[in-house]
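Analysis of the macromolecular model
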Amino acid sequence: MIGPIVRELLLQNRETFLISAENVANVMYQHPLSHGLLVLSKVGYTKIPVLGKDDRFVGLVSLSDVVNKMIDLQTISMDPLEGLTVADVMETNVATIDENWELEEVLHLLVDSPFLPVVTEDKVFKGIITRKELLKAVNYMVHELERRNIVSPKVEELKEKLYIVS
Ligand code: AMP
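Fair warning: this is a prediction, and the values are worked out from it, not measured in the lab.

1. A closer look at the nonpolar core
Counting residues in hydrophobic clusters, the biggest one holds 17 residues, and the most contacted among them are Phe-17, Ile-97, Trp-101, Val-106, Leu-110, Leu-116 and Ile-129. Counting only elements with at least two residues in this core, the list comes to helix H1 (4–10), helix H4 (103–110), strand E6 (115–119) and helix H5 (131–148). Beyond its immediate stretch of four places on either side in the chain, Ile-97 contacts Glu-105, Val-106, Leu-109, Leu-116, Pro-117, Val-118, Val-119 and Ile-129. Within the second largest apolar cluster, 14 residues are counted, among which are Val-27, Leu-33, Ile-48 and Val-89.

This is the structure:
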């Protein structure tokens, strides 16, 4: 359980966690894969969201997903991308969170992903929460915790520290 003081400090700037959809680079699932490669190369992110009809979140596509299609043991070529769409290589089994996300859930999921897509009940893409933004909040919290509060060990830990045998 996250205690109320830590929770309050971590969530103080909750509204800054979300990078809203209009500022997140994305590709449509039906776009040619060569277009996906172009977007990924231009934006400089290794992985971006894939959207479907009505801005619904359908998955993620990474540079390595595309490059893997382009290479064999000896050569690299754009030719194998011919006829393929983003949907052919995207990752679909992706953890998402809703707009009323819980701190515990976000902390847990960000251990394994550098960012989490935020979606509505109907899977409409609202943006992402990145590990970087969350770490900024953790950084703030660890600096503020003892500046604003008296943090003292619980009795048993204190006894251990003072070598008191009971
Ligand atoms: P960062 O926290 O900025 O290092 O971003 C972590 C990951 O989140 C990046 O590698 C991208 O996969 C994704 N990401 C962050 N910002 C954006 C954005 N504006 N558009 C698309 N993807 C993003």
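2. Quick word on the sheet that holds strand E2 (residues 27–28)
Sheet architecture is open: 3 strands sit in the order E2-E3-E4, paired in mixed fashion. For this open sheet the edge positions go to E2 and strand E4 (57–62), each flanked by a neighbour on one side alone. Here 2 bridges tie E2 to strand E3 (residues 47–51), and the two strands are oriented parallel to one another. The residue bridging Val-27 from the neighbouring strand is Val-50, located in E3. Running over the sheet, helix H2 (residues 33–43) touches E2, E3 and E4 and is turned about 135° from E3.

3. Details of the layout of surface pockets
Considered as a void within the structure, the largest pocket measures approximately 340 Å³ in volume. Around the largest pocket, the lining is made up of 15 residues, and of these Tyr-45, Lys-47, Phe-115, Ile-128 and Thr-130 lie nearest the centre. Counting residues per element, the ones that place at least two in the lining of the largest pocket are E3, strand E7 (125–130) and H5. With 3 residues, the single largest contributor to the lining of the largest pocket is E3. The class makeup of the residues in the lining of the largest pocket is 9 nonpolar, 3 polar and 3 charged.

4. Observations concerning the site of the ligand
The ligand sits among Asn-23, Val-24, Ala-25, Tyr-45, Lys-47, Ile-48, Phe-115, Ile-128, Thr-130 and Lys-132. A distance of 2.9 Å separates a nitrogen atom of the ligand from a polar backbone atom of Asn-23. Within the backbone of Ala-25, one N or O atom sits 2.9 Å away from a nitrogen atom of the ligand. Relative to its unbound accessible area of 480 Å², the ligand is 80% covered by the protein chains. When grouped by side-chain class, the residues that make up the shell around the ligand number 6 nonpolar, 2 polar and 2 charged.

5. Description of a nonpolar patch on the surface
On the surface, a nonpolar cluster with roughly 270 Å² of combined accessible area is contributed by Leu-158, Leu-162 and Ile-164. Inspection of the secondary structure puts Leu-162 in the segment after helix H6 (155–161).

6. A word on the environment of Leu-33
Relative to the helices and strands, Leu-33 resides in helix H2. Taking the C-alpha atoms as reference points, Leu-33 and Ala-21, 12 residues apart in sequence, are found 22 Å from one another. The residues touching Leu-33, leaving out its near neighbours within four places in the chain, are Val-66, Lys-69, Leu-81, Leu-84, Thr-85, Val-86 and Val-89.

7. A closer look at the pattern of salt bridges
Considering all chains together, one arrives at 7 salt bridges under this definition. Of the charged contacts in the structure, one is a salt bridge between Lys-53 and Asp-54, with a shortest N-O distance of 4.0 Å. Each member of the pair Lys-53 and Asp-54 is classed as exposed. With its nearest N and O atoms 3.4 Å apart, the salt bridge here joins Asp-54 to Arg-56. By relative accessible area, which is 51% here, Asp-54 ends up exposed. Residues joined in a network through salt bridges with shared partners are Lys-53, Asp-54 and Arg-56.

Calculation rules
Think of each chain on its own: its residues are numbered from 1, step by step along the sequence as written. Restriction of local features to residues with pLDDT of at least 70 applies here, the model being predicted, together with a cutoff of 80 or more for giving and counting side-chain atom pairs; totals for whole chains, interfaces and linings are based on all residues. By convention in this description, side-chain values take in all heavy atoms of the structure and omit both hydrogens and water. Among the buried residues, those of types Ala, Val, Leu, Ile, Met, Phe, Trp, Tyr and Cys that are joined through side-chain atoms within 4.5 Å form a nonpolar core. In this scheme, a residue with accessible area under 20% of its type's maximum is buried, one over 50% is exposed, and one in between is partly exposed, where area comes from a 1.4 Å probe on protein chains only. For the purposes of this entry, the term helix denotes a DSSP run of H or I that reaches at least four residues, the term strand denotes a run of E that reaches at least two, and both are numbered from the N terminus. Any two residues having at least one pair of non-hydrogen atoms within 4.5 Å are treated as being in contact. Whether two strands pair comes down to DSSP finding at least two bridges between them. Note on definitions: angles span 0 to 180 degrees between N-to-C directions of axes, and those axes are lines fitted to C-alpha atoms, for helices only across the stretch in contact. Put simply, the grid is 1 Å and covers the protein atoms alone, a cavity is a trapped set of points that fit a 1.4 Å probe, a pocket is an open set with protein on both sides within 12 Å along at least five of seven lines, and lining residues have an atom within 4 Å of a point. Grid points are joined across faces, edges and corners, and a volume is the space filled by probe spheres set on the points. Asp, Glu, Lys and Arg are counted as charged, while Ala, Val, Leu, Ile, Met, Phe, Trp, Tyr, Cys and Pro are counted as nonpolar; the rest, among them Gly, fall into the polar class. To be near a molecule or strand, a residue needs just one of its heavy atoms within 4 Å of it. Any pair of N or O atoms that falls within 3.5 Å is considered a polar contact. Within protein, one atom must be able to donate a hydrogen and the other to accept it, and sequence-neighbouring residues count only if both atoms are side-chain atoms. In this description, accessible areas are obtained by the Shrake-Rupley approach with a 1.4 Å probe, and a residue is regarded as covered only by the protein chains that are shown. Patch membership requires more than 30% relative accessible area and the absence of a salt bridge. Residues of like charge join within 9 Å; the nonpolar side chains Val, Leu, Ile, Met, Phe, Trp and Tyr join within 5 Å. Basic side-chain nitrogens of Lys or Arg form a salt bridge, by our definition, when they fall within 4 Å of a carboxyl oxygen of Asp or Glu.

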